[in-house]
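So the chains spell out like this:
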Amino acid sequence: MTTPTTNACGLNGDLCKQCGQNTVCDASTGQCVRNPQSKWTVSAVRAEVTPLDTNGSGWDIGDDSAPDVFVSLLCPPSSAPNAISTPAAESYAPEWTTLGCTATLHDLTKESVQIVVFDYDPFTPSNDLVASFTMQLKDEIISDQREFTIAPTQALKSMTFRITLAEN
Ligand SMILES: [Ca+2]
Ligand SMILES: [Ca+2]
């Protein structure tokens, strides 16, 4: 009996098969599994922001306009993080089409992704904070094109993320 490989994956008695793209053979189980070194991008797709900020004030009292929401995404590993910010979208239901931060499957399942959401305020010393939180992603949720929405937190009624396979 030979050791299972990516080209011929299977254990004693099982049919050996070739593992698909971005999967490798787990020698202990003889099953094709996602390559821990494959790279994935975590993007913020859309959100819903509360009408008032966490202090109970309007977001932009000066002109009584909607918040200008941008998302800063920080992917693991913490020793060499990948940080990406979206452009600001002025809306209580902002949407973004830019790609977020990228990390390997191994790092994403081992360490959390940090998310900080701001209302961009160019004429004041600091931006209004919308929400700040971390997400620990599970292997099952890291699959191409899948979207997931988090529960309300701070001044976010919801935020939806998408995970996509990065160019490898
Ligand atoms: Ca503001
Ligand atoms: Ca505004």
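Reading the values: the criteria
- Residues numbered from 1 in each chain as written.
- Chains lettered and ligands numbered in written order.
- Predicted model: local features only at pLDDT ≥ 70, side-chain atom pairs only at ≥ 80, totals over all residues.
- Heavy atoms only, no water.
- Disulfide = S-S within 2.5 Å.
- Helix = DSSP H or I, 4+ residues; strand = E, 2+ residues; numbered from the N terminus.
- Domains from an automatic or database assignment.
- Donors = N, O, S within 2.8 Å, 3.2 Å for Na, K, Ca; no water.
- Buried < 20%, exposed > 50% of the residue type's maximum accessible area, 1.4 Å probe, protein only.
- Pairing = 2+ DSSP bridges.
- Axes fitted to C-alpha atoms, helices over the stretch in contact; angles between N-to-C directions.
- Phe/Tyr/Trp six-rings, centres within 6.5 Å; stacked < 30°, edge-to-face > 60°.
- 1 Å grid on protein atoms, 1.4 Å probe; cavity = no way out; pocket = protein on both sides within 12 Å on 5 of 7 lines; lining within 4 Å.
- Points joined across faces, edges and corners; volume = space filled by probe spheres on them.
- Nonpolar A, V, L, I, M, F, W, Y, C, P; charged D, E, K, R; others polar.
- Tetrahedral: all angles 85-135°; square planar, octahedral: opposite > 155°, others 65-115°.

Participant: How would you explain the state of the cysteines if you had to name every residue and give the values?
Facilitator: In total, this model carries three disulfides according to the counting rule given. Each sulfur in the disulfide pair Cys19 and Cys32 lies 2.2 Å from the other. Taking the sign of the S-S torsion, about -85° here, the bridge from Cys19 to Cys32 comes out left-handed. Of this pair, Cys19 sits in the segment before strand E1 (23-26) while Cys32 sits in strand E2 (residues 31-34), and the two are 13 residues apart along the sequence. Cys16 takes part in no disulfide bond, and the closest cysteine sulfur, belonging to Cys9, lies 7.7 Å away.

Participant: Give me the domain arrangement of the chain: which residues, what numbers.
Facilitator: Each assigned domain of the chain is listed here: domain 1 (1-35) and domain 2 (39-165). Measuring from the centre of the C-alpha atoms in domain 1 to the corresponding centre in domain 2 gives 37 Å.

Participant: With reference to specific residues and values, describe the coordination of the calcium ion (ligand 2).
Facilitator: Around a metal, the idealised angle for a tetrahedral arrangement of four donor atoms is 109.5 degrees; for an octahedral arrangement of six donor atoms it is 90 or 180 degrees. At 2.2 to 2.4 Å from the calcium ion (ligand 2) lie its protein donor atoms, namely Asp60 (OD), Ser65 (OG), Ala66 (O), Asp68 (OD) and Glu90 (OE). In the primary structure, the donors to the calcium ion (ligand 2) are separated according to the pattern D-x4-S-A-x1-D-x21-E. The burial state of Ser65 is the same as that of Ala66; both residues are buried.

Participant: Explain the sheet that holds strand E11 (residues 156-165) to me, using residue names and the numbers behind them.
Facilitator: Across the sheet, which stays open at both edges, the four strands sit in the order E7-E3-E11-E10 with antiparallel pairing between neighbours. With one partner strand each, in any of the chains shown, strand E7 (101-104) and strand E10 (146-150) form the two edges of the open sheet. On average, each strand axis in the sheet is tilted by 30° relative to the strand beside it, whichever way the strands run. Taken together, the four bridges between strand E3 (residues 39-49) and E7 define a ladder with antiparallel strand orientation. Opposite Val42, over in E7, you have Cys101 as the bridge partner.

Participant: Give me the lowdown on the packing of aromatic side chains, citing residues and values where you can.
Facilitator: Inspection of every chain in the model, using the stated rule, returns four aromatic pairs. Where Phe133 meets Phe161, the ring centres are 6.5 Å apart and the plane angle is 75°; that geometry is what we call edge-to-face. Note that Phe133 is positioned in strand E9 (residues 128-135) and Phe161 in strand E11, a separation of 28 residues in sequence. For Phe161, a relative accessible area of 0% translates into the label buried. Ring-pair connections join several aromatic residues into one group, and the members of that group are Phe70, Phe118 and Tyr120.

Participant: Kindly report on the layout of surface pockets, identifying the contributing residues and their values.
Facilitator: As a volume, the largest pocket reaches approximately 210 Å³. Lining the largest pocket we find 14 residues, and of these Asp60, Tyr120, Asp121, Pro122 and Phe123 sit closest to its centre. Looking at the lining of the largest pocket residue by residue, the classes come out as five nonpolar, three polar and six charged.

Participant: An account of the coordination of the calcium ion (ligand 1) is needed here, citing residue identities and associated values.
Facilitator: Note on the calcium ion (ligand 1): its protein donors are Trp59 (O), Asp60 (OD), Asp119 (OD), Asp121 (OD), Asp121 (OD) and Asp128 (OD). The metal-donor distances range over 2.2 to 2.5 Å. Its six donor atoms give the calcium ion (ligand 1) angles of 53 to 156° at the centre, a pattern that matches the irregular case. Binding-site remark: the calcium ion (ligand 1) is held by donors from one chain whose sequence spacing is W-D-x58-D-x1-D-x6-D. In this pair, Asp60 is assigned in the loop between E3 and strand E4 (68-75) and Asp119 in strand E8 (residues 113-119), connecting sequence segments 59 residues apart. Overall, the relative accessible area of 0% leaves Asp119 in the buried class.

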